[in-house]
Amino acid sequence: MGAAMACAGAAACLMGGRESGMRRARLLLAGSAAVATGPPPGEWALAGWRRLRRRLRPEGWALVAGAVIALLGTSILPLLVGAAGVPLLRRVRRAGEARRERERRGDAVIALCGALAGEVRAGRQPGEALLRAARDSGGLGEAQAVVLAAARFGGDVPSALTDAARQPGADGLVGLAACWRVAVDRGAGLAAGLDRLEGALRAERDQRADLRAQLAGSRSTAVMLAGLPVLGLLLGTALGADPLHVLLHTGAGLGCLLVGGVLEGVGMWWALRIVRGAEAA
């Protein structure tokens, strides 16, 4: 009950705090007419719910769900399970954020190659072209200052690009370093090499996206099957069987809950491992 009250208080603060401050500011700036032109209470509630959904991370929702089920089942066990799931969901969220960051950096590297090829064709020297292209695309990431300093003051640009390629998702900078080295040492055309590199990186990205789209159905099926026990609990509750009481307050129910939870976790891990193995291959 204390956890539920804390969650409700946090939700009320998130929904009302900022909006009340904005409302006071509008009243001071626009006068009493702002009261009549303000949005209806339903829109305030909808805006507060959207703000709460943005601020409360997935691991926080696990704790809220555990508190709600603990209240419905009059047991502390769901709250403990929800608290135990917080680190796991946080790890999943961070892995997703890291994957999206790798994809963004890979797209920036492709844009850098295209912009650099265009600058070279426009007649600029490679160093000046790299300065302009990197400023527009941002494909060098955290190592941009080092690479630009090498290009500006005549340093070892290929080595700086190779070091920058150690960032997740910036593997294409290794090819850019090779093109730069060949163009400077042997006088080969840098623009032609950059065009081929951009085409190869773009084809590899499209292939990954196509494979991910093909595997999306398998991943969705695994998640849907994992949610079937929840549907069973809802159906049992609708039929008046009180499954939460059986699961949380009887020895046989606790045993079934433990075995089912282990099998559920192993099944999800196995299915997602198959999907990740296909993506890696």
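Residues numbered from 1 in each chain as written. Predicted model: local features only at pLDDT ≥ 70, side-chain atom pairs only at ≥ 80, totals over all residues. Heavy atoms only, no water.

Undergrad: Got a minute to help me understand the pattern of salt bridges in this structure?
TA: Once the charged atoms of two side chains with opposite charge are near each other, the side chains can pair. This model, assessed by the stated rule, comprises 14 salt bridges. Glutamate 101 is the salt-bridge partner of arginine 105, the closest N and O atoms lying 3.4 Å from each other. With arginine 105 and glutamate 101 both in helix α5 (residues 77–121), this residue pair falls 4 residues apart, about one helical turn. When salt bridges with common partners are traced through the structure, they connect Glu119, Arg124, Glu128 and Arg132 into a single cluster. (Salt bridge = Lys/Arg side-chain N within 4 Å of Asp/Glu carboxyl O. Helix = DSSP H or I, 4+ residues; strand = E, 2+ residues; numbered from the N terminus.)

Undergrad: Hey, could you run me through the packing of helix α4 (residues 58–73) against α5 in this one?
TA: Angle between the axes and distance between the axes are the two parameters that describe a pair of packed helices. Where α4 contacts α5, the axes come no closer than 7 Å and their chain directions differ by 165°. Of the possible angle classes, the one that applies to α4 and α5 is roughly antiparallel. α5 is crossed by α4, and the crossing has right-handed handedness. Of α5, the residues touching α4 (which contributes Pro58, Glu59, Ala62, Leu63, Gly66, Ala67, Ile69 and Ala70) are Pro78, Leu79, Gly82, Ala83, Val86, Leu89, Arg90 and Arg93. Tallied by class, the residues present in the contact of α4 with α5 amount to 11 nonpolar, 2 polar and 3 charged. (Axes fitted to C-alpha atoms, helices over the stretch in contact; angles between N-to-C directions. Parallel < 35°, antiparallel > 145°, perpendicular 65-115°, else oblique. Left-handed = near helix turned anticlockwise from the far one by under 90°. Contact = heavy atoms within 4.5 Å. Nonpolar A, V, L, I, M, F, W, Y, C, P; charged D, E, K, R; others polar.)

Undergrad: What should I look at first to understand the nonpolar core in this one?
TA: Nonpolar side chains tend toward joint burial in soluble globular proteins. With 35 residues, the main nonpolar core has Leu112, Leu116, Leu130, Leu140, Leu161, Leu173 and Leu176 as its most contacted residues. Of all the elements in the fold, those that place two or more residues in this core are α5, α6 (126–137), α7 (144–152), α8 (157–164), α9 (172–186) and α10 (190–226). Of all the elements, α5 adds the most residues to this core, at 7 residues. Setting aside its immediate chain neighbours within four residues, leucine 140 contacts Leu112, Ala134, Val147, Leu148, Leu161, Ala164, Gln167 and Leu173. (Core = buried A, V, L, I, M, F, W, Y, C linked by side-chain atoms within 4.5 Å. Buried < 20%, exposed > 50% of the residue type's maximum accessible area, 1.4 Å probe, protein only.)

Undergrad: Got a minute to help me understand the state of the cysteines in this structure?
TA: Covalent bonding between the sulfur atoms of two cysteines defines a disulfide. Per the stated rule, a full pass over the model turns up 0 disulfides. Distance from the sulfur of cysteine 179, which forms no disulfide, to the nearest cysteine sulfur (cysteine 113) is 7.5 Å. Overall, cysteine 179 belongs to the buried group, its relative accessible area being 18%. (Disulfide = S-S within 2.5 Å.)

Undergrad: Help me understand a nonpolar patch on the surface, please; the structure alone is not making it clear to me.
TA: A cluster of nonpolar residues, Leu258, Val259, Val262, Leu263, Val266, Trp269, Trp270 and Ile274, forms a patch on the protein surface that exposes about 890 Å² of accessible area. Examined against the element boundaries, valine 262 turns out to sit in helix α13 (residues 251–280). (Patch = residues over 30% accessible without salt bridge, like charges linked within 9 Å, V, L, I, M, F, W, Y side chains within 5 Å. Areas by Shrake-Rupley, 256 points an atom, 1.4 Å probe, with all protein chains shown as cover.)

Undergrad: Any chance you could explain α7 here in plain terms?
TA: Quick reminder: α-helices carry 3.6 residues per turn. Residues three or four places apart thus point the same way. Taken together, the buried positions of α7 are Gln144, Val147, Leu148, Ala150 and Ala151. End-on view of α7: buried residues confined to an arc of 160°, all on one side of the axis. Summarising the geometry of α7, the exposed residues directed more than 90 degrees from the buried face are Ala145, Val146 and Arg152. Elements that come into contact with the buried residues of α7 comprise α6 and α8. Downstream of α7 by a residue or two, glycine 154 has a phi angle that is positive, lying close to 75°. (Arc of directions from axis to C-beta.)

Undergrad: Which parts of the structure should I look at to understand the UniProt feature "transmembrane region" (unreviewed entry) in the protein chain?
TA: The UniProt record marks residues 61–89, 222–241 and 247–272 with the feature "transmembrane region" (unreviewed entry), using the residue numbering of this structure. Here residues 61–89 runs as 90% helix and 0% strand, with 10 Å between its end C-alpha atoms. Structurally, residues 247–272 is divided into 96% helix and 0% strand, and its ends, taken at the C-alpha atoms, are 27 Å apart. (UniProt positions renumbered as here; feature names shortened; annotations may be inferred.)

Undergrad: Any chance you could explain the environment of leucine 215 here in plain terms?
TA: Topologically, leucine 215 is positioned in helix α10. As for leucine 215 and valine 275, which are separated by 60 residues in sequence, their C-alpha atoms are 6.8 Å apart. Leaving out residues up to four positions away in the same chain, leucine 215 has contacts with Val275, Ala278 and Glu279.

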